[in-house]
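Read off the chains here:
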Amino acid sequence: MRNITLHMIGHGHIDPTWLWNWQEGFEEVRATFKSVLDLMDDHEAFCFTSSSACFFQWVKDSDPELFERLKCRVREGRWEIAGGFWVEPDCNIPCGESFVRHGLYSQRFFQQEFGRISTVGFNPDSFGHASTLPQLLVKLGMDRYAYMRPEPFVEMDYPDSTLFWWQASDGSRVLASHIPLGYDAWSDTIDKKMARLSEYPHLAPGQHHVLCFYGVCNHGGGPTRETIRHIDATINASSEAKGVPVYSSLEGFFASLLADSTDASVPTLATELQHHARGCYSAHSEIKRLNRQVEHALMNAERFATIAWLLDFDSYPHDAFEKCWKDLLYNQFHDILAGTSLESTYEDSRDQLGAARHRADVILNAAVQKIARGADTSSEGNAVIAFNPLPWPVTSPLTAPPSVERCLEKPLHVVDENETVIPSQAVRGERIDHTRYRFIAELPAMGYRVFTIRGSAKTCRHTLPLDAGDHYIQNLWWRMEFDPVTGEITRLFDNTHKVEILKRGHILAALVDHSDTWSHGIREYRVEAGRFSGASLRIVEQGDVQVTLRSVTRYADSEAITEYTLYREIDHIGCELRLNWQQQYQMLKLAFDTHIQHGLATYDAPYGYQERVPDGGEEPGQQWFDLTGDIGGLPYGLAILNDCKYGFDVRCGVMRVSLLRSPAYAHHDDGRFETDARWPIMDQGWQRVKLALIPHAGDWRDAGTVKRAWELNAPPLVHPESSHPGGHALQAGLLGTEADNVLLSVVKCSEEGEDLVIRGYETAGRAAETRLHLPYFDKSFDLVFAPHEIKTVRINRKEWTLREVNLLEA
């Protein structure tokens, strides 16, 4: 028997939204902290580990005296601050920049209040962990990681041990340890847990140090006096049969490991850590949608606020952005964002996220107004200014509001800054007899362009085809045909490469889902309860710019309204889906049965991507997923983009998006659901989803998939502007790069000082040399990205010097 040192970690895991509302959870945090501090006054040895900077902030604001006691224990080394995140988030759903802000705001708080940052990442209860996290953790100052899920063998087959160097695709790595046998232990279970850990079967070769967590924990509380007495008795007995317990911390555990082993003795694991509860990625559609919207609203607002600041139009609103981000980060708590909290929790989340989105929109609008004021809009007619929020050029459909009609003779036409007539089309508005105007335009990177709406018709000569019939739509690139009975796609044909892409598509299938809210124990959803059918097809838009086919279908008491759009001048395939869902304990999948063979599935991940074998398992993803293989020997694939979904599966050429699930709220698997109890059910009523299809010859990387997914989620803004002279050009861009595989995500003012901070990542796993351009200031800088690298640079705007920094901007 090897000699084992049990590192006894006192812990108080608190879930503020699954068992309680946030107010009750807030009090549970304060009460737990107080009980632990009181116990420390009576016992001189044990240590306590806690995470979530948000909880520390709560205690500081509500009980300053208690917070001062806590700070004393941190200085003594008995209270360990771990985690380095604002809360214990879901670790698959937040975008890459959300993880950055978790670390940025938390580590700044820890440094300010405790004089140090957390060096150990700590997410014990998160349900899975994206493979891109090691790079994020390292660049946030954390080179160690402790977690509990997924469990070995039951949920994940660890190839060597549950202690390993966890390595990201860029080569960054953290020393990671699974927390064995759970993050809690009471007085009546601690002896048995210590005995079992001395013979734990998943240790690395030569590993002599093991984590042993204890405390009331799940959910709320901490170590008890009785548990401490049991541990003390074992320490005093020094029984080798149970290992040798020592009061410790996560930092102490990892330090002991490294002192007692070599790098070579610890295996390397270069993959994601999955799966615990696969249903979390499609439970509660609204929280997922709000999360995506607020993430992009904040990044968009930061970019435009930065433009206004750099042009000396306004100061940069640091405090407002920090408040908005923290509201978003709190609602990325793993049980909230996973959709597994109380119904009342989502009423609070709706308010918080709605307020954050509104504040972001107000900041963005203020910046847009100031920028627009400097543009010359005095040309005859009514001006609209289209703003591109993304740091690369885009070609996109633009929609002008009904107000552009004022004082103009219909029909209308659109001209650009060169007085060139641009094809346009009147389309339906948001209400009865509401008309908007659609046109396609190229917009500069993170810039704007002025267009003018004028009265009277102007004929445009078309060189590209656009056609529609009762059951089909077609342009230069694609022909789409639809089943008049089911509304499903019967044909998607690539006109350029002469490829039949689909056997059948847009299959809306309801599936039996008897699982709890988390879908504990479920690997995949396969048993169909029925499909939407009984279609009514109609062409609802047809003109110079686009054709749109609408399909209305039903299943039981539910209704789906689907609109597919093709454009004359761009190869975009757009889909807007409205659902009135009335089913219970079922889930809804949207399937595309492709002709793709020998395929590999790839999914969007936080600041990266994840390749997976298409075995039908329910998988997390973000803004896109792709299946690439071959069709008839031609390398070919299909990418599906979305604006609010996170659950997907692929098997045998069939790609499916998990649109929604309808279990009861916070129904855990040991609870019996009884119909006559009338428990509230999730996702009842109307839902909205935007999708886009990108068929592509060759690889998804060369199809621009990543940037096009961002374009779907952060479309251009169209701003009507009154007539006035201006000193700025009729189109201008602030910032951009040249490399297709470098995506700039963040442009902001530094947290400290007055520097410009720019962040981007390499999207395709290919090294890139590019230039960062700031044309307004006539400045450019050379940048080199390693494959998969997340890079942050800081530019001194007075001296125009650039330096690379970590994610803490240091």
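Residues numbered from 1 in each chain as written. Predicted model: local features only at pLDDT ≥ 70, side-chain atom pairs only at ≥ 80, totals over all residues. Heavy atoms only, no water.

**Focus on the packing of aromatic side chains**
Think of a pair of aromatic rings as described by two things: how far the centres are apart, and how the planes are tilted against each other in angle.
Now for step 1: Evaluation of the coordinates by the stated rule reveals 36 aromatic pairs.
Now for step 2: Judged by centre distance (5.9 Å) and plane angle (50 degrees), the ring pair of W58 and Y330 falls under tilted. Remark: Y330 occurs in helix α10 (residues 318-330) and W58 occurs in helix α2 (residues 53-62); sequence separation between them is 272 residues. Accessibility assignment for this pair places W58 and Y330 in one class, buried.
Now for step 3: Taking the centre distance of 6.1 Å and the plane angle of 20 degrees together, the rings of Y145 and Y147 count as stacked. Each member of the pair, Y145 as well as Y147, carries the same accessibility label: buried.
Now for step 4: Following the ring pairs from residue to residue traces out a cluster consisting of F33, F48, F56, F67, W79, W86, F109, F110 and F114.
Now for step 5: Above the plane of the ring of W309 lies R797, whose end atom (NZ or CZ) is 4.6 Å from the centre. (Phe/Tyr/Trp six-rings, centres within 6.5 Å; stacked < 30°, edge-to-face > 60°. Helix = DSSP H or I, 4+ residues; strand = E, 2+ residues; numbered from the N terminus. Buried < 20%, exposed > 50% of the residue type's maximum accessible area, 1.4 Å probe, protein only. Lys NZ or Arg CZ within 6 Å of the ring centre and 35° of its normal.)

**Points about the pattern of salt bridges**
Now for step 1: As enumerated under the stated definition, the model contains 62 salt bridges in all.
Now for step 2: For E619, the salt bridge identified is with R278, shortest N-O distance 3.9 Å. Taken together, the residues span a long stretch of sequence, with E619 in strand β32 (residues 619-620) and R278 in the loop between β10 (268-269) and α9 (285-310) at a distance of 341 residues. Assigned by exposure class, E619 and R278 land together as buried.
Now for step 3: Between R771 and D782 there is a salt bridge whose closest N-O contact spans 2.2 Å. With R771 in strand β43 (residues 768-774) and D782 in strand β44 (residues 779-785), this pair connects stretches of sequence that are 11 residues apart.
Now for step 4: Given the relative accessible area of 56%, D782 is considered exposed.
Now for step 5: Each of R523, E524, R526, K589, D615, E618, D649, R651 and R656 takes part in salt bridges that share partners, so that together they form one network. (Salt bridge = Lys/Arg side-chain N within 4 Å of Asp/Glu carboxyl O.)

**As for the environment of G455**
Now for step 1: Relative to the helices and strands, G455 is located in strand β17 (residues 447-455).
Now for step 2: In this structure the C-alpha to C-alpha distance between G455 and S519, which are 64 residues apart in sequence, comes to 57 Å.
Now for step 3: What G455 contacts, discounting residues up to four positions off in sequence, is L408, E409, P411, L412 and H413. (Contact = heavy atoms within 4.5 Å.)

**Some thoughts on the side chain of Q622**
Now for step 1: Tracing the chain through its elements places Q622 in the loop between β32 and β33 (624-631).
Now for step 2: On the accessibility criterion, Q622 (4% relative accessible area) is buried.
Now for step 3: One polar contact links the side chain of Q622 to the main-chain carbonyl oxygen of P94, over a distance of 2.8 Å.
Now for step 4: Not counting residues within four places of it along the chain, the set of residues in contact with Q622 comprises N92, I93, P94, C95, R292, D604, A605, P606, N642, K645, Y646 and F648. (Polar contact = N/O pair within 3.5 Å; in protein donor to acceptor, adjacent residues only side chain to side chain.)

**Quick look at unusual backbone geometry**
In terms of backbone geometry, most residues other than glycine have negative phi values and most peptide bonds are trans.
Now for step 1: Across the junction of R149 and P150, the peptide omega takes the value 10 degrees, indicating a cis bond.
Now for step 2: Along the chain, P150 falls in the loop between β5 (144-147) and β6 (163-167).
Now for step 3: Residue H275 is bonded to the preceding Q274 through a cis peptide linkage, with omega at -5 degrees.
Now for step 4: For H275, the position within the fold is in the loop between β10 and α9.
Now for step 5: Phi angles above zero are rare outside glycine, and E419 is one such case at about 65 degrees.
Now for step 6: Structurally, E419 can be placed in the loop between β13 (412-415) and β14 (421-422).
Now for step 7: A positive phi angle is found at H506, which is not glycine, with a value near 50 degrees.
Now for step 8: On the secondary structure map, H506 appears in strand β23 (residues 502-512).

**Here we look at the packing of α2 against helix α3 (residues 64-76)**
Now for step 1: Taken N-terminus to C-terminus, the directions of α2 and α3 make an angle of 130 degrees; their axes are 5 Å apart at the nearest point. Classified by the angle between their axes, α2 and α3 sit oblique to one another. Counting all contacts with α2, which are made through F56, V59, K60 and S62, the residues of α3 involved are P64, L66, F67 and L70.
Now for step 2: Its residues assigned to classes, the contact of α2 with α3 comprises 6 nonpolar, 1 polar and 1 charged. (Axes fitted to C-alpha atoms, helices over the stretch in contact; angles between N-to-C directions. Parallel < 35°, antiparallel > 145°, perpendicular 65-115°, else oblique. Nonpolar A, V, L, I, M, F, W, Y, C, P; charged D, E, K, R; others polar.)

**What to know about the sheet that holds strand β15 (residues 424-428)**
Now for step 1: Taken together, the 3 strands give an open sheet; going across it, the order is β12-β16-β15, and neighbouring strands pair in antiparallel fashion. Since the sheet does not close on itself, it has two edges, and those belong to β12 (394-400) and β15, each with one partner. In this sheet, adjacent strand axes meet at a mean angle of 35 degrees when their direction is disregarded.
Now for step 2: Two strands pair when backbone bridges link them, and β15 and strand β16 (residues 435-443) are joined in this way by 5 bridges, in the antiparallel orientation. For Q425, the partnering residue across the bridge sits in β16 and is R438. (Pairing = 2+ DSSP bridges.)

**Thoughts on the confidence of the model for the protein chain**
Now for step 1: Chain-level statistics for the protein chain give a pLDDT mean of 95 and a share of 98% at 70 or above.
Now for step 2: The lowest-confidence element of the protein chain is strand β39 (residues 731-733), averaging 80 in pLDDT; the highest-confidence one is strand β34 (residues 634-642), averaging 99. (pLDDT = per-residue confidence, 0-100.)

**Details of the sheet that holds β44**
Now for step 1: The sheet built from 3 strands is open, its strands ordered β40-β43-β44 with antiparallel pairing. Unpaired on one side and paired on the other, β40 (736-737) and β44 mark the two borders of the sheet.

**Points about helix α4 (residues 96-114)**
Now for step 1: Counted at 1.5 Å a residue, the expected span for α4 with its 19 residues is 27 Å, and the 27 Å between its end C-alpha atoms agrees.
Now for step 2: Within α4, 16 of the 19 residues are buried, which leaves the element mostly enclosed by the surrounding structure.
Now for step 3: Immediately beyond the C-terminal end of α4, within one or two residues, lies G115, with a positive phi of roughly 75 degrees. (Expected span 1.5 Å × (residues − 1).)

**Topic: helix α1 (residues 22-42)**
Now for step 1: Here α1 contains 21 residues, and its C-alpha end-to-end distance of 31 Å stays within 8% of the 30 Å for a straight helix at 1.5 Å per residue.
Now for step 2: Within the span of α1, buried status applies to G25, V29, T32, F33, V36, L37, L39 and M40. The buried side chains of α1 occupy one side of the element, clustering within an arc of 160 degrees when seen end-on.
Now for step 3: In this structure, the buried residues of α1 make contact with β2 (48-50), α2, α3, β3 (79-81) and α7 (225-237). (Arc of directions from axis to C-beta.)

**Some points on the pairing of strand β42 (residues 756-762)**
Now for step 1: When you tally the buried positions in β42, you get 7 out of 7 residues, the bulk of the element.
Now for step 2: Burial along β42 is two-sided: L756, I758, G760 and E762 facing one way and V757, R759 and Y761 facing the other are all buried.
Now for step 3: Examined bridge by bridge, strand β41 (residues 742-749) and β42 share 7 bridges and lie antiparallel to one another. Directly across from V747, in β42, lies its bridge partner I758.
Now for step 4: Here β41 hands over to β42 after 6 residues, with G753 in that stretch at a positive phi of 80 degrees.
Now for step 5: Looking at chain direction, β42 and strand β45 (residues 790-796) are connected through 6 bridges and run antiparallel. Of the residues in β45, the one forming a bridge with I758 is V793.

**Regarding the pairing of strand β8 (residues 209-214)**
Now for step 1: In terms of burial, β8 is largely enclosed, as 6 of its 6 residues are buried.
Now for step 2: Neither face of β8 is open: one carries H209, L211 and F213, the other V210, C212 and Y214, and all of them are buried.
Now for step 3: With 6 bridges connecting them, strand β1 (residues 5-11) and β8 associate as parallel partners. Along β8, the bridge assignment pairs H7 with L211.

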